[in-house]
Amino acid sequence: MATKFRDRADAGAALAEKLEKIVGSNNDTTTTIIGIPRGGVILAEIVASKLGAALDIVIPRKMGAPGNEELAIGAVMEDGTEYINRYLVTALRVPPAYIDEEKSRQVAEIRRRSQAYRKAGAPYNIRGRTVVLVDDGVATGATVIAAARWTRKHEPAKLIIAVPVAPAQTVETLKHEADMVVVISVPRDFGAVGEFYSEFSPVTDEQVVSIMRAWGVL
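Just so it is clear, the model here is predicted, and its values are computed rather than measured. (Residues numbered from 1 in each chain as written. Predicted model: local features only at pLDDT ≥ 70, side-chain atom pairs only at ≥ 80, totals over all residues. Heavy atoms only, no water.)

(A) Spotlight on helix α1 (residues 8–23). In this model α1 runs 21 Å from its N-terminal to its C-terminal C-alpha over 16 residues, within 8% of the 22 Å that 1.5 Å per residue would give. Taken as a whole, α1 has its buried residues at Arg-8, Asp-10, Ala-11, Gly-12, Leu-15, Ala-16, Leu-19 and Val-23. The N-terminus of α1 is capped by Asp-7, whose side-chain oxygen sits 3.2 Å from the backbone nitrogen of Ala-9. At the C-terminal side of α1, Gly-24 shows a positive phi close to 80°. (Helix = DSSP H or I, 4+ residues; strand = E, 2+ residues; numbered from the N terminus. Expected span 1.5 Å × (residues − 1). Buried < 20%, exposed > 50% of the residue type's maximum accessible area, 1.4 Å probe, protein only. Polar contact = N/O pair within 3.5 Å; in protein donor to acceptor, adjacent residues only side chain to side chain.)

(B) Highlighting the side chain of Glu-177. Within the fold, Glu-177 resides in the loop between α6 (168–174) and β8 (180–185). Overall, the relative accessible area of 13% leaves Glu-177 in the buried class. A polar contact of 2.9 Å, which involves the side chain of Glu-177, links it to the side chain of Arg-149. Among residues more than four places away in sequence, those in contact with Glu-177 are Ile-145, Ala-148, Arg-149, Arg-152 and Leu-159. (Contact = heavy atoms within 4.5 Å.)

(C) Main features of the nonpolar core. Counting residues in hydrophobic clusters, the biggest one holds 44 residues, and the most contacted among them are Leu-15, Leu-19, Ile-33, Val-134 and Met-212. By residue number, the principal contributor to this core is helix α2 (residues 39–51), which donates seven residues. When near neighbours in sequence (up to four residues on either side) are disregarded, Leu-15 contacts Leu-43, Val-47, Val-134, Ala-162, Val-163, Pro-164, Val-182 and Ile-184. (Core = buried A, V, L, I, M, F, W, Y, C linked by side-chain atoms within 4.5 Å.)

(D) Quick peek at the sheet that holds strand β4 (residues 68–76). The antiparallel open sheet is built from three strands, whose spatial order is β3-β4-β5. Edge strands, defined here as strands with exactly one partner in the open sheet, are β3 (61–65) and β5 (82–84). Averaged over all pairs of adjacent strands, the angle between strand axes in this sheet comes to 50°, irrespective of strand direction. Pairing geometry for β4 and β5, over three bridges, is antiparallel. (Pairing = 2+ DSSP bridges. Axes fitted to C-alpha atoms, helices over the stretch in contact; angles between N-to-C directions.)

(E) Just the sheet that holds strand β2 (residues 54–57), in detail. A sheet is described by the order of its strands in space; here five strands give the open sequence β2-β1-β6-β7-β8, paired in parallel fashion. In the strand order of this sheet, the two ends are held by β2 and β8, each with one partner. If you compare each strand with its neighbour and ignore which way they point, the axes differ by 20° on average. Pairing of strand β7 (residues 158–165) with β8 involves five bridges; the strand directions are parallel.

(F) Structural context of the packing of aromatic side chains. Here the structure, examined in full by the defined rule, presents four aromatic pairs. Look at Tyr-197 and Phe-200: their rings are 4.7 Å apart centre to centre, the planes differ by 35°, and that puts the pair in the tilted class. Tyr-197 sits in the buried class, given a relative accessible area of 3%. Joined through ring pairs, the aromatic side chains of Phe-5, Tyr-197 and Phe-200 make up one cluster. Above the plane of the ring of Phe-200 lies Arg-8, whose end atom (NZ or CZ) is 4.1 Å from the centre. Lying across the ring of Tyr-124, Arg-118 places its NZ or CZ 3.7 Å from the centre. (Phe/Tyr/Trp six-rings, centres within 6.5 Å; stacked < 30°, edge-to-face > 60°. Lys NZ or Arg CZ within 6 Å of the ring centre and 35° of its normal.)

Right, dumping it as C-alpha cells:
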C-alpha cells in the first residue's frame, strides 16, 4: 500500500529524515535546498531547517498541451532552459509555433513570480555545493527536469532530486537528470500527487513570500 502523508509538513519531515541520513546535518556551507513553488517550498523549508542548510527557490513552469493546460508537454525556466516531451508533442501533433508561444507565456509568469519570491539580481549559491531540488511530488516530472537541467548549468558538486511520491516510470527518467533521486513512496497506481495526501490545499503566493523573507531570500 502506498504511503499517504497527512499534509506537506508531514511529507517534508519524512523527506528531511531520509535526506539527513544521506547528506548529514549542519550543512550551511556545503548544501543548498531549492524548493519548487509553490508546494515544494513548504517541504524545502522543513528539509533546510533539519539539515542546517541554505534555502532557495527556482521557478520552472509547465507548458500545457493545446486545449489541455493540465497535460504537460514540457517545462521551461526563465533563461530558456527547457524540457520537451517529444513523444507527446509528436503524438498530439503540437506545432512548433504553439510551443514557442507557450514558452514565452510561461517565461513571463516566471519573471512575475521571481520578482515576488527573490531579491532582484541575487545570485544563486550553487557552484561546488550539494544541491537538493525539492517538490511535493511529481507526476510526469517535467518541471523538475527543467529545474534540474538549469541547476546543472550552475555546476553543483552533486545534484539530488528529492520528492515524497512519484510513479516508477518518472523516477527512472529523473535518474538521468541527477546524481541521486530520493523518493519515499513509489506507488504502483498513480493518478495525481494529491491522492497521496490527506490534506493538499493550494499553497498561496503569500505563504511562499513569507518563507522566502524569513530566510533572507527575499
